[in-house]
Amino acid sequence: MRRLRAVLLHLVLLIGVVLAATPLIWMVSASLMRPGEANSSPPPFLPAQPTLEHYRALFTSLSVGRYIVNSLLVSVGGTLGALLIVGLAGYAFAKLRFRGRQPVFRGLLAAMVIPGQVAMLPMFILLRELGLVNTLVGAMIPFLAPVYGIFLVRQYALSIPDDLLQAARLDGATEFQIFRLIVLPGIAPVLATLGVFTFLGAWNDFMWPLIILSDDAKYTLPVALANLTGEHVQDVELMMSGAVVTVLPVFIAFLFLQRYYIQGIMTGSVKG
Amino acid sequence: MTVGGSTAESRAGWAFVTPALALIGIFFVLPVAGAFVLSFTDFDLYSIGGPGNTRFVGLANYRDLLTTPLFWTALRNTLYFVLVGGPLSVAVSLAAALLVNARTVRLKPFFRAAFFAPWVTTLVAVALLWRYIYHPQYGLLNAAIGVFGLGPVDWLGDPAWAMPSIILLSVWKNFGYNMLIFLAGLQAIPEELYEAASLDGAGAWHRFRHVTVPMLGPTLVFVGIVTMITSFQIFSEPYVMTQGGPLKSTTTLMLFMYEEGFRWWRLGFAATIAVVLFLLTLAGTVVQLRFRREAQG
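Predicted model, so just to flag it, every value in this text is computed and none were measured.

**Student:** How do you make sense of the interface of chain A and chain B when you look at a structure like this?
**Tutor:** One frequent convention defines the size of an interface as the accessible area lost when the parts assemble. The interface of chain A with chain B comprises 76 residues on the first partner and 74 residues on the second. In terms of residue count, helix α12 (residues 236-271) of chain A provides more of the side of chain A that touches chain B than any other element does, 15 residues in total. A class-by-class count of the residues in the side of chain A that touches chain B yields 59 nonpolar, twelve polar and five charged.

**Student:** I keep staring at the environment of glutamine 288 of chain B and nothing clicks. Help me out?
**Tutor:** All names here are of chain B. Relative to the helices and strands, glutamine 288 is located in helix α13 (residues 267-296). Sequence separation between glutamine 288 and leucine 45 is 243 residues, and the spatial gap between their C-alpha atoms is 39 Å. Residue contacts for glutamine 288: discarding those within four places in its chain leaves Val221 and Ile225.

**Student:** What is the right way to look at the environment of valine 250 of chain A in this model?
**Tutor:** Examined against the element boundaries, valine 250 of chain A turns out to sit in helix α12. Judged by the 19 C-beta atoms lying within 10 Å of it, valine 250 of chain A falls in the partly exposed class. When the C-alpha positions of valine 250 of chain A and valine 196 of chain A are compared, they lie 9.2 Å apart, and in sequence the two are 54 residues distant. Setting aside its immediate chain neighbours within four residues, valine 250 of chain A contacts Leu200, Trp203 and Asn204 of chain A together with Val120 and Thr122 of chain B.

**Student:** Any chance you could explain the domain arrangement of chain B here in plain terms?
**Tutor:** Residue and element names in this part refer to chain B. For chain B, the assigned domains are domain 1 (2-53) and domain 2 (68-296). Relative placement of domain 1 and domain 2: their C-alpha centres are 33 Å apart. The partner domain 2 presents eight residues to the ten residues of domain 1 that form the contact. Split by residue class, the side of domain 1 that touches domain 2 holds six nonpolar, two polar and two charged.

**Student:** What is the right way to look at the nonpolar core in this model?
**Tutor:** Ranked by internal contacts, the top residues of the largest apolar core, which has 159 residues, are Ala89 and Ala243 of chain A together with Leu129 and Ala274 of chain B. The dominant element in this core, judged by the number of residues it contributes, is helix α8 (residues 159-187) of chain B, at 14 residues. Each of two domains, domain 1 (2-53) and domain 2 (68-296) of chain B, supplies a minimum of three residues to this core. Once residues within four sequence positions are removed from consideration, alanine 274 of chain B is found in contact with Gln117, Val118 and Leu121 of chain A together with Ala35 and Met257 of chain B.

**Student:** Which parts of the structure should I look at to understand the packing of helix α1 (residues 2-31) of chain A against helix α5 (residues 108-120) of chain B?
**Tutor:** Two quantities define a packed helix pair, namely the angle between the axes and the distance from one axis to the other. It is at 9 Å that the axes of α1 of chain A and α5 of chain B come closest, and there the two elements cross at 30 degrees. The orientation of α1 of chain A relative to α5 of chain B falls into the category roughly parallel. The handedness of the crossing between α1 of chain A and α5 of chain B comes out as left-handed. Residues Leu13, Gly16, Val17, Ala20 and Ala21 of chain A of α1 of chain A pack against Phe111, Ala114, Phe115, Ala117 and Pro118 of chain B of α5 of chain B.

**Student:** Can you walk me through unusual backbone geometry in this structure?
**Tutor:** Across residues other than glycine, the phi torsion is negative in most instances, and most of the peptide bonds are trans. Across the junction of serine 41 of chain A and proline 42 of chain A, the peptide omega takes the value -5 degrees, indicating a cis bond. Within the secondary structure, proline 42 of chain A sits in the loop between α1 and α2 (53-60). With an omega of -10 degrees, the peptide bond running from glycine 245 of chain B to proline 246 of chain B counts as cis. Tracing the backbone shows proline 246 of chain B in the loop between α11 (236-241) and α12 (253-263). We note that asparagine 134 of chain A has phi near 65 degrees; this positive angle belongs to a residue other than glycine. With respect to the helices, strands and loops of the structure, asparagine 134 of chain A is situated in the loop between α5 (120-129) and α6 (136-140). The backbone phi angle of glutamine 243 of chain B is positive, close to 55 degrees, even though this residue is not glycine.

**Student:** What is the right way to look at the confidence of the model for chain B in this model?
**Tutor:** Regions with low pLDDT should not have their predicted coordinates read in detail. Residues and elements named next belong to chain B. Residues at a pLDDT of 70 or more form 97% of chain B, whose mean pLDDT is 91. Taken together, the stretch residues 1-5 has pLDDT below 50 and engages in one contact with residues farther than four places along the chain or on a different chain. The ipTM value of the predicted complex is 0.92, and its pTM value is 0.92.

Calculation criteria
- Residues numbered from 1 in each chain as written.
- Chains lettered and ligands numbered in written order.
- Predicted model: local features only at pLDDT ≥ 70, side-chain atom pairs only at ≥ 80, totals over all residues.
- Contact = placed C-beta atoms within 7 Å.
- Helix = DSSP H or I, 4+ residues; strand = E, 2+ residues; numbered from the N terminus.
- Nonpolar A, V, L, I, M, F, W, Y, C, P; charged D, E, K, R; others polar.
- Buried ≥ 20, exposed ≤ 12 C-beta atoms within 10 Å, placed from the backbone.
- Domains from an automatic or database assignment.
- Core = buried A, V, L, I, M, F, W, Y, C linked by C-beta atoms within 7 Å.
- Axes fitted to C-alpha atoms, helices over the stretch in contact; angles between N-to-C directions.
- Parallel < 35°, antiparallel > 145°, perpendicular 65-115°, else oblique.
- Left-handed = near helix turned anticlockwise from the far one by under 90°.
- pLDDT = per-residue confidence, 0-100.

In structure tokens:
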């Protein structure tokens, strides 16, 4: 009886896995089909003769290489900026005593609940005045100082022993040296978590780059993909290869860095 | 010496937080305040040409908003997504977490990762993918339900089905995230509570009802409210899958704001929709805080 229940349980879980994975498997499968093959009834699940021609078309006539570069610049630039800016601020809020620390931190926490979309219209006007419309820097800006990241790093940095910092000060280390040599190695795990989330968020972002990037040559992958749909919506196989190219980098990153995602969410939330 | 040290520390503290505060101040706090100011102006295409062409118009934009039928349609569609999709998504997450967490399950990390995988994908790419899955003639979904003699359904072409279809995509994409939060909550429940309940002769349902649910309560409230708040922001799914149609049945508040602001360049008017989003989020947060206080007291 107990045995039977365990088998049933695994069966239900496996059905769940099939349901969760089928769309993604079909996406890859359709991207390898010949033109028009996916548009038949009943729809084939696997390509009769797999072909890479759509991927070739993406990189030759549709210049997807450029969009990948744009997406990488925005995501990597945003992530590196966030790690430095948020690392410094999170540590300072946890360990450095300065006047106004508590009220400023409480203010930040309160700001965390306001959705970014509320700011988008004035942001556009502001960036237009600054000449940052249609630039990759403009697309990067919302990712540079995530408030939740400051909170995350602060919680982690609280566990750095004060004696260690004090000893370094007595040895004559400057505050920045202390940050670089003692704090940074100590908070490396939480920075890894912050890094994967920022990269993922910047790579997958759509609404803001759609607003701020107006020139085809500046598009990130999601914006380019949505734009291609207008012209090529009938070309299922081509569009699916575009979707695969868009998803693949973050998916591979997830496979290799799984524990940073999963631990980040599971530990971050218990406190919440 | 202590005094000198703490001055240096104080100076370093401000130096370390200044880059973050400057960015947040200029590119977040200022624009959020700007959204309120903007909503009282007639900022439009002419203002983009020369900011001098902007005037304060008082509450005219709000009067305009409340008499625009599409606003009420968008509000209704957004609430539909929030009130139906939100609870459904939380329920699926909780069910998945309970299954994965069951004691006899092997390969837990595999199931956990497989259910989480859709969450890391790019929304635009999978919204496009599901657009094809929902194709009335060649789509996978109609082929699948056809096996059981059902359908075909014009998922995205029928105003009655378009929003449920978007909800299904978003449950599929997002349930893995909340599942992880529930798993963390479940793992924090002490094993002894279950053992004690079993000794008292409680069956599986009673253990769930009298141990799991009360112990998971705060997590449930947290997940529920956060899901609700983020659901108000739905934009990409209708943009990619339906462009707000058919018959405006999937036009959401953010899609409406985007079109007014960046297609028709009526930024002053669009800012009122941003204010509405702000107020909805604020209401959600207040509800959350009240719930938490009740749960604690």
